[in-house]
Amino acid sequence: FWGVIKKYHGRCCIGDNVTHADVVLVPQLYNARRFGVDVSAEFPELEAIERRLNSLPEFKGLHPKTNPTFQGNADNIPRKEGGRNIAKCIPEKIG
């Protein structure tokens, strides 16, 4: 993904028009941050594209915090119904 974006990005992931790559970029960067990736340090170009996308009317209101069915903390691991942390359902060690 990054190899293509690095070569072809403009104001958006590929050129200056919104494509499917842009639609999937925004939630991927959101989740990367939730899991501790320093997006601004590792992928500053992607972060710049994300800022431009989030300023578009089509992208406004799509953040998980604006979803009326959202449960949990948007900056933390999501919670399923009943408020139980999904991460606690995953065993620490497998095998």
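Every value quoted in this text rests on a predicted model; they were computed, and no experiment measured them. (Residues numbered from 1 in each chain as written. Predicted model: local features only at pLDDT ≥ 70, side-chain atom pairs only at ≥ 80, totals over all residues. Heavy atoms only, no water.)

Caption draft 1: Representation of the pattern of salt bridges within the structure. Tallying each qualifying case throughout the model produces 3 salt bridges. For arginine 33, the salt bridge goes to glutamate 50, with nearest N and O atoms at 2.6 Å. One end of the pair, arginine 33, is in helix α2 (residues 20–34); the other, glutamate 50, is in helix α4 (residues 44–54), with 17 residues separating them in the sequence. On the accessibility criterion, arginine 33 (33% relative accessible area) is partly exposed. Taking the shortest distance from any N to any O, the salt bridge between glutamate 47 and arginine 51 comes out at 3.7 Å. One end of the pair is glutamate 47 and the other is arginine 51, both in helix α4 and 4 residues apart, which spans about a single turn. With relative accessibility at 17%, the residue glutamate 47 sits in the buried group. (Salt bridge = Lys/Arg side-chain N within 4 Å of Asp/Glu carboxyl O. Helix = DSSP H or I, 4+ residues; strand = E, 2+ residues; numbered from the N terminus. Buried < 20%, exposed > 50% of the residue type's maximum accessible area, 1.4 Å probe, protein only.)

Caption draft 2: Representation of α2 within the structure. The terminal C-alpha atoms of α2, which comprises 15 residues, lie 22 Å apart, in line with the 21 Å expected from a rise of 1.5 Å per residue. Taken as a whole, α2 has its buried residues at Ala21, Asp22, Leu25, Val26, Leu29, Tyr30, Ala32 and Arg34. Buried positions along α2 lie against α3 (39–42) and α4. Just downstream of α2, glycine 36 is the residue with a positive phi angle, here 90°. (Expected span 1.5 Å × (residues − 1). Contact = heavy atoms within 4.5 Å.)

Caption draft 3: A look at the side chain of glutamate 50. Note on glutamate 50: relative accessible area 9%, which makes it buried. Within the local environment of glutamate 50, its side chain forms a polar contact with the side chain of arginine 33, the two groups lying 2.6 Å apart. Contact partners of glutamate 50, with chain neighbours within four places excluded, come to Leu25, Val26, Leu29 and Arg33. (Polar contact = N/O pair within 3.5 Å; in protein donor to acceptor, adjacent residues only side chain to side chain.)

Caption draft 4: View of a nonpolar patch on the surface. Among the surface-exposed residues, Phe1, Val18, Val23 and Val24 lie close enough to one another that they form a single nonpolar patch of about 330 Å² accessible area. Relative to the helices and strands, valine 18 is located in the loop between α1 (2–8) and α2. Judged by relative accessible area, valine 18 falls into the partly exposed class, the value being 42%. (Patch = residues over 30% accessible without salt bridge, like charges linked within 9 Å, V, L, I, M, F, W, Y side chains within 5 Å. Areas by Shrake-Rupley, 256 points an atom, 1.4 Å probe, with all protein chains shown as cover.)

Caption draft 5: Structural context of the packing of α2 against α4. Remark: α2 packs on α4, axes separated minimally by 10 Å, with the N-to-C direction vectors making an angle of 115°. Considering how the two elements wind past one another, α2 and α4 form a crossing that is left-handed. In this structure, α2 uses Asp22, Leu25, Val26, Leu29 and Arg33 to contact α4, whose residues at the interface are Leu46, Glu47, Ile49, Glu50, Leu53 and Asn54. Along the lines of polarity and charge, the residues of the contact of α2 with α4 split into 6 nonpolar, 1 polar and 4 charged. (Axes fitted to C-alpha atoms, helices over the stretch in contact; angles between N-to-C directions. Left-handed = near helix turned anticlockwise from the far one by under 90°. Nonpolar A, V, L, I, M, F, W, Y, C, P; charged D, E, K, R; others polar.)

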